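A look at the structure
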Amino acid sequence: MTTTYAPNQTTTRGHAVQINDIEMYYEEYGVGKPLVLLHGFGGCSQNWHPFTARLSERHRLIVVDMRGHGYSTNPENKFTHREAARDVFLLLEKLGVGRFSAMGMSSGGMALLHMATSQPKRIDSMVLISATSHFPDQARAIMRRASFETMPQQVREMYRECAKRGDAQIRQLIAQFNALSKDYDDMNFTAQSLSAITARTLVVHGDRDHFFPVEIPVSIYRSIPDAALWIVPGGDHVPVFDSTVPFTSTALRFLEGPDSKQPSAA
């Protein structure tokens, strides 16, 4: 059973800070070691709401709206995962966070790859969910053709819920998504560049992902030292919203230490 990608939010408990030219929104939950949570493209911090209660029992969650998403602004009207990574680092500086763990869904995981390769000593452990090292042709075709009308209903509902500035924001995000289909610089990680990552890394991927074939996460897993791989049988893009997938318990075991490294189906 699939849960809602972005549950309706009845109250706003977040904060906004100025990060260079953007106003960046984030939410905090719990106490303990910082755990940064990054959503996927077109999403927002609400993507993590199905998981925040369990995760916040053991961590200080910092749940971010990336530039142009949710309540965060983006006057440039451009999006790259490299720039999104810089934004998050600047936010963490304002919050006085040095070392941290992190999890990212799709575009959030791609931003984490930029973070983990540019400042590897900052991240202790991370979980990459449906991320990629580069955009294969099949993903570029989807991004190039994407429109609000042709998106699956659940994805349209997520855009509607997460675009806090309405239709204009949805149009901007889809135009940025289309533009990524022509970008060959932003996501261009090689095995050598990924080998610089020092964070203990769990790579999570569905074996039916229509954006990124399973060969890509396997390659990422093999390139990052001390990585673990969890291929979700029958899983599509971002399979963790399926309530039959034991995502939260598996992620927590992995984040809490090397002794819990190997994923479990329990």
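The coordinates are above.
This write-up is about the structure you can find in this document. (Residues numbered from 1 in each chain as written. Predicted model: local features only at pLDDT ≥ 70, side-chain atom pairs only at ≥ 80, totals over all residues. Heavy atoms only, no water.)

Some points on the side chain of H69
Relative to the helices and strands, H69 resides in the loop between β4 (59-64) and α2 (81-94). Of note is the side chain of H69, whose polar atom sits 3.0 Å from the backbone nitrogen of G42. There is a polar contact of 2.9 Å between the side chain of H69 and the backbone oxygen of R67. Ignoring anything within four residues of it in the chain, the contact list for H69 reads H39, G40, F41, G42, G43, F79, Q169 and L173. (Helix = DSSP H or I, 4+ residues; strand = E, 2+ residues; numbered from the N terminus. Polar contact = N/O pair within 3.5 Å; in protein donor to acceptor, adjacent residues only side chain to side chain. Contact = heavy atoms within 4.5 Å.)

As for the environment of R222
Residue placement: R222 occurs in helix α8 (residues 215-223). Between the C-alpha atom of R222 and that of L194, which follows or precedes it by 28 residues, the distance is 9.4 Å.

Quick word on the packing of aromatic side chains
As enumerated under the stated definition, the model contains 11 aromatic pairs in all. Relative to F241, the ring of Y5 lies with its centre 5.1 Å away and its plane at 70 degrees, an arrangement referred to as edge-to-face. Of this pair, Y5 sits in the segment before β1 (15-19) while F241 sits in the loop between β8 (227-232) and α9 (247-255), and the two are 236 residues apart along the sequence. In this structure F241 comes out as buried when scored by relative accessible area, which is 5%. Aromatic pair F89 and F100: ring centres 6.4 Å apart, planes at 70 degrees, arrangement edge-to-face. Separated by 11 residues along the polypeptide, F89 in helix α2 and F100 in strand β5 (residues 100-105) bring together distant segments of the chain. (Phe/Tyr/Trp six-rings, centres within 6.5 Å; stacked < 30°, edge-to-face > 60°. Buried < 20%, exposed > 50% of the residue type's maximum accessible area, 1.4 Å probe, protein only.)

Some remarks on the pattern of salt bridges
The full count for this structure, using the stated rule, is 13 salt bridges. The partner of E256 in a salt bridge is R58, and the shortest N-O contact between them spans 2.6 Å. Residue E256 is located in the segment after α9, and its partner R58 is located in the loop between α1 (49-55) and β4; the two are separated by 198 residues in the primary sequence. Classification of R58 by relative accessible area gives partly exposed; the value is 45%. The partner of D124 in a salt bridge is R99, with the nearest N and O atoms 2.1 Å apart. Placement of D124 in strand β6 (residues 123-129) and of R99 in the loop between α2 and β5 is noted, with a sequence separation of 25 residues between them. Sharing partners across several salt bridges, the network here consists of D21, R67, E76, E83, R86 and D87. (Salt bridge = Lys/Arg side-chain N within 4 Å of Asp/Glu carboxyl O.)

What about the state of the cysteines?
Within the structure shown, the criterion is met by one disulfide. Put simply, C44 and C162 are joined by a disulfide, and their sulfur atoms are 2.2 Å apart. One disulfide, between C44 and C162, carries an S-S torsion of -60 degrees and so falls in the left-handed class. Here the residue C44 occupies a position in the loop between β3 (33-38) and α1, and C162 occupies one in helix α5 (residues 153-162), the gap between them amounting to 118 residues. Among the residues examined, C44 registers a relative accessible area of 1% and is labelled buried. C162 gets classed as buried once you look at its relative accessible area, which sits at 1%. (Disulfide = S-S within 2.5 Å.)

Examining the layout of surface pockets
Volume-wise, the largest pocket comes out at about 860 Å³. The wall of the largest pocket is formed by 39 residues, among which Y5, V155, H210, F211 and H237 lie closest to the centre. Looking at the lining of the largest pocket, the elements that each hand over two or more residues are α3 (107-118), α4 (137-145), α5 and α6 (167-180). Of the residues forming the lining of the largest pocket, the biggest block, four residues, is contributed by α5. Looking at side-chain class alone, the lining of the largest pocket contains 23 nonpolar, 13 polar and three charged residues. (1 Å grid on protein atoms, 1.4 Å probe; cavity = no way out; pocket = protein on both sides within 12 Å on 5 of 7 lines; lining within 4 Å. Points joined across faces, edges and corners; volume = space filled by probe spheres on them. Nonpolar A, V, L, I, M, F, W, Y, C, P; charged D, E, K, R; others polar.)

Brief notes about the nonpolar core
Judged by nonpolar contacts, the single largest core of 87 residues is most densely connected at M103, M115 and F247. Excluding residues that lie within four positions of it along the chain, M103 makes contacts with L35, V36, L37, L38, W48, L55, L112, V127, F247, A251 and L255. (Core = buried A, V, L, I, M, F, W, Y, C linked by side-chain atoms within 4.5 Å.)

A look at α4
Those residues of α4 not exposed but buried are A139, R140, A141 and M143. For α4, the secondary structure elements touched by its buried residues are α6.

Things to note about the sheet that holds β4
One open sheet accounts for eight strands, arranged β1-β2-β4-β3-β5-β6-β7-β8; its pairing is mixed. At either end of the open sheet lies a strand with only one pairing partner, and these are β1 and β8. Pairs of neighbouring strands in the sheet enclose a mean axial angle of 20 degrees, with direction left out of account. In terms of strand pairing, β6 meets strand β7 (residues 200-206) through five bridges, oriented parallel. The residue bridging S125 from the neighbouring strand is R200, located in β7. Packing against the sheet, α2 makes contact with β1, β2 (22-29), β3, β4 and β5, and its axis sits at approximately 110 degrees to β1. The sheet strands contacting α9 are β3, β4, β5, β6, β7 and β8, and the helix crosses β6 at an angle near 155 degrees. (Pairing = 2+ DSSP bridges. Axes fitted to C-alpha atoms, helices over the stretch in contact; angles between N-to-C directions.)

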